[in-house]
Amino acid sequence: MALLLALVAVAAALALPFLGFAPNRLLSGKPVPLWDALDAASASGWAVLAPAALLLAAPFLPPSRPLLSASAAAGGLFAAGLVWLAGSHAATLAATASPAARTSFGAGFWVLAAVGLLAMADALRRLRLGAWSGAWARFAAGGAVAGLVALELAAGRLDQLSILKEYANRSDVFADAVLRHGALVLAALLPTLLIGVPLGILAQRSPRVGRLVFPVLNLVQTIPSIALFGLLMAPLAALATLLPGLGISGIGPVPAVIALTVYSLLPITRNMAVGLEGVSDDVRQAARGMGMTPRQIFLRVELPLALPVFLTGLRVTLVQAVGLAAVAALVGAGGLGAIMFQGLFANALDLVLLGAVPVILLAVAADALLTLAVALTAGNRDWAMTRGAPA
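Residues numbered from 1 in each chain as written. Predicted model: local features only at pLDDT ≥ 70, side-chain atom pairs only at ≥ 80, totals over all residues. Heavy atoms only, no water.

1. A few points about the sheet that holds strand β2 (residues 30–32)
Reading across the sheet, the three strands line up as β2-β1-β3 and stay open at both edges, with antiparallel pairing between neighbours. The sheet terminates laterally at β2 and β3 (102–105), the two strands that pair on one side only. Across the sheet, the mean angle separating the axes of adjacent strands is 30° when strand polarity is ignored. (Pairing = 2+ DSSP bridges. Helix = DSSP H or I, 4+ residues; strand = E, 2+ residues; numbered from the N terminus. Axes fitted to C-alpha atoms, helices over the stretch in contact; angles between N-to-C directions.)

2. A word on the packing of aromatic side chains
A ring pair, where both rings are aromatic, is described by two values, the distance of the centres and the angle of the planes. Summed over the entire model, instances satisfying the criterion amount to seven aromatic pairs. Aromatic side chains F105 and W110 sit 5.3 Å apart centroid to centroid with 70° between the ring planes, which places their arrangement in the edge-to-face category. Residue classification places F105 among the buried residues on the basis of a relative accessible area of 15%. Counting every residue linked through ring pairs, the aromatic cluster contains F18, F105, F109 and W110. Over the ring of F214 we find R270; its NZ or CZ atom is 4.5 Å from the centre of that ring. (Phe/Tyr/Trp six-rings, centres within 6.5 Å; stacked < 30°, edge-to-face > 60°. Buried < 20%, exposed > 50% of the residue type's maximum accessible area, 1.4 Å probe, protein only. Lys NZ or Arg CZ within 6 Å of the ring centre and 35° of its normal.)

3. What about the pairing of strand β1 (residues 19–22)?
Side-chain alternation along β1 places L19 and F21 on one buried face and G20 and A22 on a second face that is also buried. With three bridges connecting them, β1 and β2 associate as antiparallel partners. When the sheet's bridge partners are listed, F21 is paired in β2 with K30. Here β1 pairs with β3 via four bridges, running antiparallel. Residue pairing across strands places L19 opposite F105, the latter belonging to β3.

Right, dumping it as structure tokens:
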């Protein structure tokens, strides 16, 4: 993997534009190679390549824990350094250009940044840390990269990038879009848990219920999200006509929340059932031998032991909902998807990125936090089991 990433990085640096510079947002502009950005930044720019040198040399060095740790740090620094280099060169180009000029990330930037982050993740994986320490290391490494980029943002070093100019033009609606996006996800998550958790318990307790529920939920997953939003519009519009006082309509947040809930039921329900199914019968018998009632066995033994598997399903559900909520903008639900589609309709790539990048960051953050929670609960479960306690 390290050798493959090194080859991809070299190919991207040589063949793909690092940035794109256009006189305004409507024109495609001209490509800016990585070497031009490095030359304009002088010595400080070339320092960005220092971590890249280690990443290129790592596949040919004897593997060791110090080398892997250094490779992980180099990957993160390289990705953050590329952001700084892009912002620095954007400022240089803006000094002699009109206010309408735009400097955008090029394909080379995205490939090189992805190589840096993947190299960091690969090095952390090859360190073979424990479940909890590995999850914490990945979370800390990702947080460190995000912190470095946040410092660059706070210092104003990225202000001349096109995506930041789009943000400046829409700063009044951006925060509302983020809050609306989060509200859609949370509004769908609550009924998903209220429906999916009991369904999962019933499916584990009764195989007949499982044979009925899971095929239906699997079928729902095969329906394209846009099609499901469209299918909900007509019945909800009819319901709004019959019951005007409920505030329901065929467009807006209601069909979005319903569709997100329906899509989210499968991972919650299945992982709840699988988690309970994985509890050993010996553990249940030991709990009965201690005099526990069926209710106590479920709450104090089965549920804690099934929690890591359930949280894994919750992680999948939350990441999926964050992404699908962007598509819900097509039915008037708002959120970050509305900004994305405005950019698509206006052929403005950086406006699309202004909506897409926060969606990606929200999904990554949710995934990282719940991965930590899974590792923590799994560690607590193993600790309890090794000491003879039911949970």
